[in-house]
Amino acid sequence: LNINEMNKIFKNLNKNNIIYFVLKEHNNTLDISSDYNEDIKKNFKINILDLNYEWIEISKFIINKENTLLLNIESKKLQTIFYELNVFSDNIIIKKKKNNDILYFINDRDSNLYSKYELKNILDNKEVDLCVSLNYLNNFKLLNNFNYIDLKIANDKPLYLKMMDKYINIEYMLAPRINDI
């Protein structure tokens, strides 16, 4: 389903509506309707994905594990870092030096202010330096719904985030920022 379209539909409904969902597999649509509220009944139809669609496994995109930093971080800490640093800049540099147990979150590219947060006790000994859009990470609100998040960080590769619990498995990739020429 297209989340943006679903949001538009929900904005037109209110908490007093009873909402009905009917999946029509023969034409790949989801019919959404409300009960009559103040003599108005609202009806929507949204296209769904082809049920026979072959999903791409995102985790297979980062292949070279020798140069990839693998981490499991408390989601709340990561969300706090993204939220607070987003006040200063739209980008974030994630950096770790070899033989150092600190992961740095830095934003100094778009701002007159230099900001750096340090996350200690990182046991992986790999060196990484990756710049990504902080706006996307800050707006990725699903982080708060999980206790921990798996990160894969590599130079010039997409940042890979994986959140998983008993019922849900979410994989998210964010392309690196390209340096201005």
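Residues numbered from 1 in each chain as written. Predicted model: local features only at pLDDT ≥ 70, side-chain atom pairs only at ≥ 80, totals over all residues. Heavy atoms only, no water.

Q: Any chance you could break down the pairing of strand β11 (residues 169–174) for me, citing the residues and the numbers?
A: Residues I170, Y172 and L174 point to one face of β11 and are all buried, whereas N169, E171 and M173, pointing to the other face, are not buried. Across 6 bridges, the pairing between strand β10 (residues 159–164) and β11 is antiparallel. Bridging across to β11, L159 finds its partner in L174. Counted between consecutive antiparallel strands, the loop separating β10 from β11 contains 4 residues. (Buried < 20%, exposed > 50% of the residue type's maximum accessible area, 1.4 Å probe, protein only. Helix = DSSP H or I, 4+ residues; strand = E, 2+ residues; numbered from the N terminus. Pairing = 2+ DSSP bridges.)

Q: Report on the sheet that holds strand β3 (residues 43–47), specifying residues and quantitative values.
A: Read across the open sheet, the 3 strands follow the order β1-β2-β3; overall the sheet is antiparallel. At either margin of the open sheet sits one strand with a lone partner, and together these are β1 (19–24) and β3. Strand after strand, the sheet turns through a mean of 20° between neighbouring axes, direction not considered. Of the strand pairs in this sheet, strand β2 (residues 29–34) and β3 are connected by 5 bridges, and their pairing is antiparallel. Residue pairing for β3: S33 is matched across the bridge by N43. (Axes fitted to C-alpha atoms, helices over the stretch in contact; angles between N-to-C directions.)

Q: Help me get a handle on the pattern of salt bridges, residues and values and all.
A: Scanning all chains against the criterion turns up 7 salt bridges. For K45, the salt bridge is made with D31, and the minimal N-O distance between the two is 3.7 Å. Here the residue K45 occupies a position in strand β3, and D31 occupies one in strand β2, the gap between them amounting to 14 residues. K95 serves as the salt-bridge partner of D129, at 3.6 Å between the closest nitrogen and oxygen. Residue D129 is found in strand β8 (residues 128–133), and its partner K95 is found in strand β5 (residues 91–96); the two are separated by 34 residues along the sequence. Here the salt bridges do not stand alone but share partners, grouping K24, D31 and K45 into one network. (Salt bridge = Lys/Arg side-chain N within 4 Å of Asp/Glu carboxyl O.)

Q: Tell me about the sheet that holds β5, and please be specific about residues and values.
A: Sheet strands line up and pair through hydrogen bonds in the backbone, either parallel or antiparallel. One open sheet accounts for 4 strands, arranged β7-β6-β5-β8; its pairing is antiparallel. Of all strands in the sheet, those bounded by a partner on one side alone are β7 (115–119) and β8. Taking each pair of neighbouring strands and ignoring which way they run, the sheet shows an average axis angle of 20°. Two elements, β5 and β8, share 6 bridges in a ladder whose sense is antiparallel.

Q: Can you tell me about the environment of A175, naming the residues and giving the values?
A: With respect to the secondary-structure elements, A175 resides in the segment after β11. It is 4.3 Å that separates the C-alpha atoms of A175 and P158, two residues lying 17 residues apart in sequence. Setting aside residues no more than four positions away along its own chain, A175 makes contact with V132 and P158. (Contact = heavy atoms within 4.5 Å.)

Q: So what's going on with the packing of aromatic side chains? Which residues, and what values?
A: Under the counting rule described, the total for this entry stands at 2 aromatic pairs. With a centroid separation of 6.4 Å and an interplanar angle of 65°, the aromatic rings of F10 and F21 are classed as edge-to-face. Here F21 lies in strand β1 and F10 lies in helix α1 (residues 3–11), a separation of 11 residues in the sequence. Assessed through its relative accessible area of 35%, F10 is described here as partly exposed. (Phe/Tyr/Trp six-rings, centres within 6.5 Å; stacked < 30°, edge-to-face > 60°.)

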